[in-house]
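Descriptive analysis of the structure
Residue-level listing of the chains:
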Amino acid sequence: MLKILAPAEKRSAFCDGVSRRNFIKVGGLGSLGLSLPKLLALENQAGIRNSHKSVILIYLVGGPPHQDMFDLKPDAPREIAGPHKPIGTNVDGIQICEMFPRMAKMMDKFTIIRSLVGAQAGHDAIQCYTGFPNRAGTVPPGGWPQFGSVVGKLQGAFDPAVPPFVSMCYDCTHGPYNEPGPGLLGSASDAFRHTGPSRGDLTLQGITYDRLSDRAKLLTSFDNFRRDVDASGKMEAMDTFTQQAMGVLTSSKLADALDLSKEDPRLVERYGTGDTVKRIDENGAPRVPQSFLTARRLVEAGARVVTVNYSKWDWHGGAGNDIFSREREDFPIFDKGITALVDDLHQRGLDKDVTVLVWGEFGRTPIISKQVGRDHWPRVAMALLAGGGMPMGQVIGSTDRLGGEADSRPVTFAEVFATLYRNLGIDVATTTVTDTKGRPHYLVENGALPIRELI
């Protein structure tokens, strides 16, 4: 048995003693659910040979200000319009904030949803990762599974050497900002996480995560493990699918994808650098545009879903923290990072296969507060999409003259997730997942269908 596991004194555990995070194990999953070898065997038996479609889901922690980014209202009263000016883009009729000049030059590779509705009022990342609101009385036992967990459960690994679902999300001290777990699917469907409190504690035959960049030691560790197993005759006795599962742990492909030193430094610079240690705000996520690059490397290596949380967007204002100062700091870094990601996907021919989604848990108030901030506004929000073979260069929906209500074509969170599932080849009208009691659950609520404008 081989594990990648945090030390006992630092790991958090479920009631059955199984580590919550950073857990990969070959064989013996038992009560945890379907083992990787069994999943590989069942996929082969069913003739499943899915093309490698993937999703990069980027969560802007705290709720981005839609009316300062992609839905400016220059003709509104001053207390609503704000100081930023709209600029034209390379798509006639579409204007965005002047702080996104790179995006403006390649708007034909993006689609903006200006009329996202149905958000909850409080800070809670669950809806952004599952598509379901976290309302009392609507959550099944175990909780709604997060999107990547569902995809991993349904489609398994595309490449046995790379987990189907990888989380790049940093832990936030404000609990509701954190992405949910696998919910009713059980811990076997959780993400592979290489960030968070246990990041430095991963060990593999004496090699810590922080030493993964030492390729010689890492490969020696893998070679020693294989030699020990082969000498015992256990590898030969394993069936084909157990050997494939073993490949997830003994291949260097995942480690390679996580190693940015493998990239051309000029490309790393294109994505930009950010704050990898200090939190931008005391309880948000770090501002790390390099996560976008790592996400691209992971989907290129074979991951089906990669989640990223990025910076802190809950700008209520106050002394030394007014919203527009924060925007002048954050917007250019985000503009550089997100355009580098989308351009990189196009240059590598991945734009038809990789869907990129950017959003937060709600929008911001039309009226600028006395503290020079915008407060929570669940009545309308925005989303940014790219890739996935979808028609780009368009705006879906609109808001009223103050940016406070959806004026046309309201789009729900469930419709966005139905679109993501469709791009992965999953039919939300017929596909269900079952909870621990065998009860089926549809993947999106209210029979939502994919967004017609994106088909």
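All figures in this text were calculated on a predicted structure; none of them were measured in a lab.

**Observations regarding the overall build of the protein**
Helix and strand content of the protein: 14 helices and 21 strands. Residue burial in the protein is summarised as follows: out of 455 residues, 57% are buried. For the protein, restricting intrachain contacts to residue pairs at least 6 apart in sequence, the fraction spanning at least 24 positions comes to 74%. Surface accessibility of the protein: about 18,400 Å² in total, with carbon and sulfur atoms responsible for 51%.

**Topic: the packing of aromatic side chains**
Following the criterion strictly, the structure yields 17 aromatic pairs and no others. Judged by centre distance (6.3 Å) and plane angle (25°), the ring pair of Trp 313 and Phe 331 falls under stacked. Separated by 18 residues along the polypeptide, Trp 313 in the loop between strand S11 (305-310) and helix H13 (323-347) and Phe 331 in helix H13 bring together distant segments of the chain. Site record: aromatic cluster; members linked through ring pairs are Phe 70, Phe 100, Phe 292, Tyr 310, Trp 313, Trp 315, Phe 331 and Phe 334.

**Notes on the side chain of His 52**
In this fold, His 52 is placed in the loop between helix H1 (36-46) and strand S3 (54-60). Relative accessible area serves as the criterion here: at 17%, His 52 is assigned to the buried category. Only 3.4 Å separates the side chain of His 52 from the backbone oxygen of Gly 302, close enough to count as a polar contact. A distance of 2.9 Å separates a polar side-chain atom of His 52 from the backbone oxygen of Ala 303. Discounting chain neighbours no more than four positions away, the residues touching His 52 are Phe 158, Val 299, Gly 302, Ala 303, Arg 304 and Asp 353.

**A few points about the packing of helix H12 (residues 290-301) against H13**
Interaxial distance between H12 and H13 falls to 9 Å at its minimum, and their mutual angle equals 15°. With respect to each other, H12 and H13 are oriented roughly parallel. Helix-helix and strand crossings are classified by hand; for H12 and H13 the assignment is right-handed. Residues Phe 292, Leu 293 and Arg 296 of H12 form the contact with H13, whose participating residues are Phe 334, Gly 337, Ile 338, Leu 341, Asp 344 and Leu 345. Broken down by class, the residue content of the contact of H12 with H13 amounts to 6 nonpolar, 1 polar and 2 charged.

Calculation rules
- Residues numbered from 1 in each chain as written.
- Predicted model: local features only at pLDDT ≥ 70, side-chain atom pairs only at ≥ 80, totals over all residues.
- Heavy atoms only, no water.
- Helix = DSSP H or I, 4+ residues; strand = E, 2+ residues; numbered from the N terminus.
- Buried < 20%, exposed > 50% of the residue type's maximum accessible area, 1.4 Å probe, protein only.
- Contact = heavy atoms within 4.5 Å.
- Areas by Shrake-Rupley, 256 points an atom, 1.4 Å probe, with all protein chains shown as cover.
- Phe/Tyr/Trp six-rings, centres within 6.5 Å; stacked < 30°, edge-to-face > 60°.
- Polar contact = N/O pair within 3.5 Å; in protein donor to acceptor, adjacent residues only side chain to side chain.
- Axes fitted to C-alpha atoms, helices over the stretch in contact; angles between N-to-C directions.
- Parallel < 35°, antiparallel > 145°, perpendicular 65-115°, else oblique.
- Left-handed = near helix turned anticlockwise from the far one by under 90°.
- Nonpolar A, V, L, I, M, F, W, Y, C, P; charged D, E, K, R; others polar.

Everything listed here is a matter of geometry and, on its own, says nothing about what the molecule does.
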